[in-house]
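Each chain, letter by letter, is given below.
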Amino acid sequence: MQPSFDPSAAHFASRYLAAFAALPVAVQYGFAVVLGLVIGSFLTVVVHRLPVMLERAWRAEVDSAMPEAPKPSADPYPERFNLAVPRSACPHCKHVLRAWENIPVISYLALRGRCSACGARVSPRYPLVELASGVLAALSLYAYGPTWPALAAFGLCATLLTAGLIDYDTRYLPDVLTLPLLWAGLIVNFGAGGFATLHDAVTGAIVGYLFLWCVYWLFRLVRGVEGMGYGDFKLLAAIGAWLGWSALAQVVLIAAVAGAAFGIVATWRKRMRFEEPLPFGPFLAAGGAITLFVGTPLYSLLG
Ligand SMILES: [Zn+2]
């Protein structure tokens, strides 16, 4: 008798998907939210550590190219420092978090936002990022059902969230996030059942990059200011690769309006000086995520 084994990975994976789709809807959402929270907990680590890792790599490169160059002071982190090592610790008392203290959101609530050892305040950003990730996972399931595109949509959201926060913190959008995101968008749209046709995705990557590149040079030549960086072009190219070129006008419009509103409120509340440049990445990321879920209703409103 022939064993009923199908070697195709797609078939193997689709059996898992079919099993998941057969679960009660509430269980599906519970699973999505828990997955989102756990991934969100990992994202907070990436947001905190990736810029430090990239700066170290960059310094090592400068060191080897120019051994005579003056050495800037080292960062306060241990020598071995990556996304897995060392374990998370309180920045005040170095208390290493126990397993249960790493449980997303719940540990923050149980400890009332304080370190269990020294009582120092824990930034509410941690549970907020975890919650955002959980909500985005549930939204992905809601918008796309128990399908692979739902998982891909969540992957896009998680990367946008991470890149947006890193840009907000450091004014820098790392290539290690934007470039793989661009490739992932093209790959997701390679077959049928993606978010855009492959033609629209490739056009979106090109138009996304070139549009902001043109705006950047226009501002630079006319007014002598740099409102954006090359990371922004790459991020919009990635969003174009995921959602297709036709989504880009709405993404940029949402980003521009949200960025302007944020800038006005931040200046008004004296959080920022008026001339201070605003990172554009977080708003592009938000525009991309919103467009992923609601489509482009703005176009029909505008006529
Ligand atoms: Zn502590």
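The rules behind the values
Residues numbered from 1 in each chain as written. Predicted model: local features only at pLDDT ≥ 70, side-chain atom pairs only at ≥ 80, totals over all residues. Domains from an automatic or database assignment. Helix = DSSP H or I, 4+ residues; strand = E, 2+ residues; numbered from the N terminus. Nonpolar A, V, L, I, M, F, W, Y, C, P; charged D, E, K, R; others polar. Axes fitted to C-alpha atoms, helices over the stretch in contact; angles between N-to-C directions. Parallel < 35°, antiparallel > 145°, perpendicular 65-115°, else oblique. Left-handed = near helix turned anticlockwise from the far one by under 90°. Contact = placed C-beta atoms within 7 Å. Core = buried A, V, L, I, M, F, W, Y, C linked by C-beta atoms within 7 Å. Buried ≥ 20, exposed ≤ 12 C-beta atoms within 10 Å, placed from the backbone. Expected span 1.5 Å × (residues − 1). Bend = angle between axes of the 7 residues up to and from the residue.

Draft legend 1. Inspection of the domain arrangement of the protein chain at higher detail. Per the domain assignment, the segments making up the protein chain are domain 1 (22–59 + 73–146) and domain 2 (148–303). If you list the elements that add at least two residues to the side of domain 1 that touches domain 2, you get α2 (25–65) and α4 (125–144). With ten residues, α4 is the largest single contributor of residues to the side of domain 1 that touches domain 2. When grouped by side-chain class, the residues that make up the side of domain 1 that touches domain 2 number 16 nonpolar, four polar and no charged.

Draft legend 2. Here's a closer look at the packing of α4 against helix α5 (residues 148–170). Between α4 and α5, the least distance of the axes is 8 Å, while the angle of their chain directions is 150°. The angle between α4 and α5 places the two elements in the roughly antiparallel class. Note that α4 runs across α5; the crossing there is right-handed. Here α4 contributes V129, A132, S133, L136, A137, S140, L141, A143 and Y144 to the contact with α5, which in turn contributes P149, A150, A153, F154, C157, A158 and L161.

Draft legend 3. Representation of the nonpolar core within the structure. By size, the foremost hydrophobic cluster in this structure holds 56 residues, and its most contacted members are C157, L236 and L284. Elements represented by at least two residues in this core include exactly α2, α4, α5, α6 (175–188), α7 (198–223), α8 (230–243), α9 (248–268) and α10 (281–294). At twelve residues, α5 tops the list of elements feeding residues into this core. Not counting residues up to four positions away in its chain, the partners in contact with C157 are L136, S140 and A289.

Draft legend 4. Quick look at unusual backbone geometry. A cis amide bond links V85 with the next residue in sequence, P86, at an omega value of -5°. Following the sequence through the fold, P86 ends up in the loop between α2 and α3 (106–110). Backbone geometry at R112 places phi at a positive 50°, although glycine is not the residue there. Inspection of the secondary structure puts R112 in the loop between α3 and α4. The backbone of R171 sits at a positive phi, close to 60°, despite the residue not being glycine. You can see R171 is positioned in the loop between α5 and α6.

Draft legend 5. α8, seen in detail. Spanning 14 residues, α8 covers 20 Å between terminal C-alpha atoms, matching the ideal 20 Å at 1.5 Å per step. Within two residues after α8, G244 carries a phi angle of roughly 90°, on the positive side.

Draft legend 6. Geometry of α2. Taking 1.5 Å of rise per residue, 41 residues should cover 60 Å, and α2 covers 57 Å from first to last C-alpha, within 8% of that figure. Of all bends in α2, the biggest is about 35°, found at R49, and the proline P51 comes one to four residues later. For α2, the full list of buried residues reads A32, G36, L37, I39, G40, S41, L43, T44, V46 and V47. Of the surrounding elements, those touching the buried residues of α2 are α4 and α5.

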